[in-house]
Amino acid sequence: MDMIGMAIKIAILIAYAIIGTCVGLLFMGIGRKIIARVHNRVGPPFYQNFIDVAKLLSKKTNISHGWIFDLALLFSISGILLTLLFLPIGGAQLLSMDGDAFLVLYLLAIPALGFALGAGASGNPNAGVGVMRALVMMLSYELPFVITLIALMIYYDTTSLATIVKMQSIDGIKSWAITMPPFMIAAFAADMALQGMLMEQPFDIPVAPHEIASGPMVEFGGKYLGSLMLYKAIALVAETTLFVDLFLGGGVVMHSGVMAAIINFFVWLGLIFLLFVLSILIAASFPRFRIEQAFGFYWKYEAIIAAISLIWVYIMVIK
Amino acid sequence: MGLHNGDKMMRYEEWSKLARKASKKSLWMVHFCTGCGAVEMPPVMTSRYDAERFGITSMATPRQADVLLITGYLTVKTLRRVIQVYEQMQSPKYVIAFGSCTINGGMYWDSYNTIKHLEKYIPVDLYIAGCMPRPEGIINAFIKLMKLIDEGKARGWEKYQKYYDRYKENQRRVFNFEIKEEQKEEKNEEH
Ligand code: SF4
């Protein structure tokens, strides 16, 4: 019995990884197409990113810079997969516990640290600059994000993502957090934080291909770069899912039954797609910030917006 | 005992065919803008000619790139850097030489410090003639390169591995010449 349960869990884990990468790569391809249309270009086909990954994984030489460099990939991919397991997807959550809303934040930091290791091992100065910038970016967008998270936690009186999702799905769309005025502004702050998490413009400071030659990824080539692209695809899904879980009820519109699970899945897919398109459109229309501008943006304006919503929620709860 | 040798070869052939199909549709280039040709790259990449619809994008570093695009003449000093860049790339890798300067020296045919035939120093898969070639020419060259890759004919990187000693020999010859010239100049200054 235990063995079967284990096997099922492993199968689900693999399914998660495959769904995550496929959805992520598809989104990235569509994102490139959208940016191309904004530039008045034709753009690559929507399946371009699958081809790119296949090509990278079939490269004949793959230069490594020592075992720490290899570990970086392990860190980033395993970290992001673990995050995905803790996130409710269409209401279905594989692992859960009290306080997993905090845990997810920590787990999301693992890949960045893995990057830092790998970039350090490669010894390229550009990579070092990129990692510094990535860590500063993390420091800046996490402040408004955590404040909005705390507001949600106070309102729903829980630290578990599953409960937050459940409370929001009681009444369908009407009970989504984003329908309440204090959380509307919180959602704005969180969406800007999401833009930084996804490293899209104006916050693509850590990679900045024209400034520091794609930052931490400078020395990654061949299969290493291919795996990084896979990581990026899963990360895209995980980060947008986090937002959907916090503000859009995790995409849960129906309860109980197989049909409901399927519909919830597709609603979730549609919601993260909308979020992604939003962030792509922002990316296509803004140039890159400098690092101190981004820092100022998050800590001055975003943090204040998030704090207002926090106070508002607090007053609501006390009443 | 596993597969027979013949089967293995067949498998390998099929895999490499698939790999070639993928790599032809996603050519990432690093353009080494040396000569005048660099001005032709922005229109190729941006809205007017939009190379991205063929899966061609420019990459920031040689480690990530598949195609090395050399736009124009190379002085001996730049050649050294080009070779460094080429050797940092991960195979399979391809070289497109751009403009008549790389073919036979072009209008620098009698210059003392440019190299005349790029092919002597690194394996070139494809030349684009013209001084300078227009964006249509560049895209045409890329499509030709895709065809070559598909047929398995773009094997410059294998050639470089196989005849490494000869390429190095040629490279050393020009570099030594450069070093000698520098020493001569230093001596002249001293006197
Ligand atoms: S071929 Fe013509 S355009 Fe190109 S580098 Fe030489 S002189 Fe310049």
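Look above for the structure.
Residues numbered from 1 in each chain as written. Chains lettered and ligands numbered in written order. Predicted model: local features only at pLDDT ≥ 70, side-chain atom pairs only at ≥ 80, totals over all residues. Heavy atoms only, no water.

What follows is about the overall build of chain A. Of regular secondary structure, chain A possesses 11 helices and zero strands. Counting from the amino terminus, chain A carries its helices and strands in the arrangement α-α-α-α-α-α-α-α-α-α-α. Against the globule reference of 20 Å for 319 residues, chain A gives a C-alpha radius of gyration of 20 Å, in line with a compact fold. When its C-alpha atoms are laid out on the principal axes, chain A stretches across 60 × 55 × 40 Å. (Helix = DSSP H or I, 4+ residues; strand = E, 2+ residues; numbered from the N terminus. Rg over C-alpha atoms; globule rule 2.2 N^0.38 Å.)

To continue, consider the environment of Tyr127(B). Residue and element names in this part refer to chain B. Considering the arrangement of structural elements, one finds Tyr127 in strand S5 (residues 126–128). A relative accessible area of 29% means that Tyr127 is categorised as partly exposed. It is 8.0 Å that separates the C-alpha atoms of Tyr127 and Thr102, two residues lying 25 residues apart in sequence. In this structure Tyr127 touches Ala97, Thr102, Ile103 and Glu119, once residues within four positions along its chain are discounted. (Buried < 20%, exposed > 50% of the residue type's maximum accessible area, 1.4 Å probe, protein only. Contact = heavy atoms within 4.5 Å.)

With the rule as written, the count across this model stands at 22 aromatic pairs over all chains. For the ring pair Tyr86(B) and Tyr160(B), a centre distance of 5.1 Å and an interplane angle of 90 degrees mean the geometry is edge-to-face. Separated by 74 residues along the polypeptide, Tyr86(B) in helix H3 (residues 76–88) and Tyr160(B) in helix H6 (residues 156–162) bring together distant segments of the chain. The buried category is assigned to Tyr86(B), whose relative accessible area is 0%. On the accessibility criterion, Tyr160(B) (5% relative accessible area) is buried. When the ring of Tyr160(B) is compared with that of Tyr167(B), the centres are 5.1 Å apart and the planes differ by 40 degrees; the resulting orientation is tilted. For the pair formed by Tyr160(B) and Tyr167(B), the shared burial category is buried. Here the aromatic residues Tyr141(A), Phe203(A), Phe289(A), Phe297(A) and Tyr298(A) are joined through ring pairs into a cluster of three or more. Looking at Lys55(A), its charged tip hangs above the ring of Trp28(B), at a distance of 3.7 Å from the centre. Between Arg48(B) and the ring centre of Tyr49(B), over which it is positioned, the NZ or CZ distance is 5.0 Å. (Phe/Tyr/Trp six-rings, centres within 6.5 Å; stacked < 30°, edge-to-face > 60°. Lys NZ or Arg CZ within 6 Å of the ring centre and 35° of its normal.)

This part takes up the site of the ligand. Around the ligand, the neighbouring residues are Cys36(B), Gly72(B), Tyr73(B), Gly99(B), Ser100(B), Cys101(B), Met107(B), Tyr108(B), Gly130(B), Cys131(B) and Met132(B). The class makeup of the residues in the shell around the ligand is seven nonpolar, four polar and no charged. (Near = heavy atom within 4 Å. Nonpolar A, V, L, I, M, F, W, Y, C, P; charged D, E, K, R; others polar.)

Right, let's talk about the pattern of salt bridges for a bit. Within this structure, the stated rule accounts for 14 salt bridges over all chains. Put simply, Glu52(B) and Arg32(A) hold a salt bridge, and the shortest N to O gap is 3.0 Å. Taken together, the residues Glu52(B) in the loop between helix H2 (41–45) and strand S2 (57–58) and Arg32(A) in helix H1 (residues 2–38) connect one chain to another. In terms of burial, Glu52(B) and Arg32(A) fall into one category: buried. A salt bridge links Lys168(B) to Glu87(B); its shortest N-O distance comes to 3.1 Å. Note that Lys168(B) is positioned in helix H7 (residues 164–190) and Glu87(B) in helix H3, a separation of 81 residues in sequence. Classification of Lys168(B) by relative accessible area gives buried; the value is 18%. A single salt-bridge network, built from bridges that share partners, covers Arg32(A), Arg41(A), Asp52(A), Asp50(B) and Glu52(B). (Salt bridge = Lys/Arg side-chain N within 4 Å of Asp/Glu carboxyl O.)

Moving on, we come to H3(B). Residues and elements named next belong to chain B. Helix length check: H3 (13 residues) gives 19 Å between terminal C-alpha atoms against 18 Å at 1.5 Å per residue, within 8%. Burial in H3 covers these residues: Val76, Thr78, Leu79, Val82, Ile83, Val85 and Tyr86. Along the long axis of H3, the arc covered by the buried residues comes to 165 degrees, so they all point the same way. (Expected span 1.5 Å × (residues − 1). Arc of directions from axis to C-beta.)

Frequently, the measure chosen for interface size is the accessible area that the parts lose on association. Of the residues lining the interface, 26 residues belong to chain B; the matching set on chain A comes to 32 residues. Summed over both partners, the interface of chain B with chain A buries about 2,300 Å², with 52% contributed by carbon and sulfur atoms. The largest share of the area that chain B buries against chain A comes from Glu52(B), Arg63(B) and Gln90(B), three residues that together contribute 26% of it. For the pair chain B and chain A, the interface holds six salt bridges. Two residues, Lys59(A) and Asp66(B), come together in a salt bridge whose shortest N-O distance is 2.5 Å. (Buried area = accessible area lost by both parts, 1.4 Å probe.)

The next subject is the packing of helix H7 (residues 181–197) of chain A against helix H11 (residues 291–318) of chain A. Two quantities define a packed helix pair, namely the angle between the axes and the distance from one axis to the other. All names here are of chain A. For the pair H7 and H11, the least separation of the axes is 9 Å and the interaxial angle reads 150 degrees. The orientation of H7 with respect to H11, classified from their angle, is roughly antiparallel. With respect to the hand of their crossing, H7 and H11 are arranged in left-handed fashion. Across the interface between the two elements, Pro181, Pro182, Phe183, Ile185, Ala186, Phe188, Ala189, Met192, Ala193, Gln195 and Gly196 of H7 pack against Phe297, Tyr298, Glu302, Ile305, Ala306, Ile308, Ser309, Trp312, Val313 and Met316 of H11. Residue composition of the contact of H7 with H11, grouped by class: 17 nonpolar, three polar and one charged. (Axes fitted to C-alpha atoms, helices over the stretch in contact; angles between N-to-C directions. Parallel < 35°, antiparallel > 145°, perpendicular 65-115°, else oblique. Left-handed = near helix turned anticlockwise from the far one by under 90°.)

Residue and element names in this part refer to chain B. The five strands lie next to each other as S2-S1-S3-S4-S5, forming an open sheet whose pairing is parallel. Two strands bound the open sheet, and with one partner strand each, they are S2 and S5. Bridge count between strand S1 (residues 28–32) and strand S3 (residues 67–71): four bridges; the pairing is parallel. Note that in S3 the partner of Met29 across the bridge is Val67. (Pairing = 2+ DSSP bridges.)

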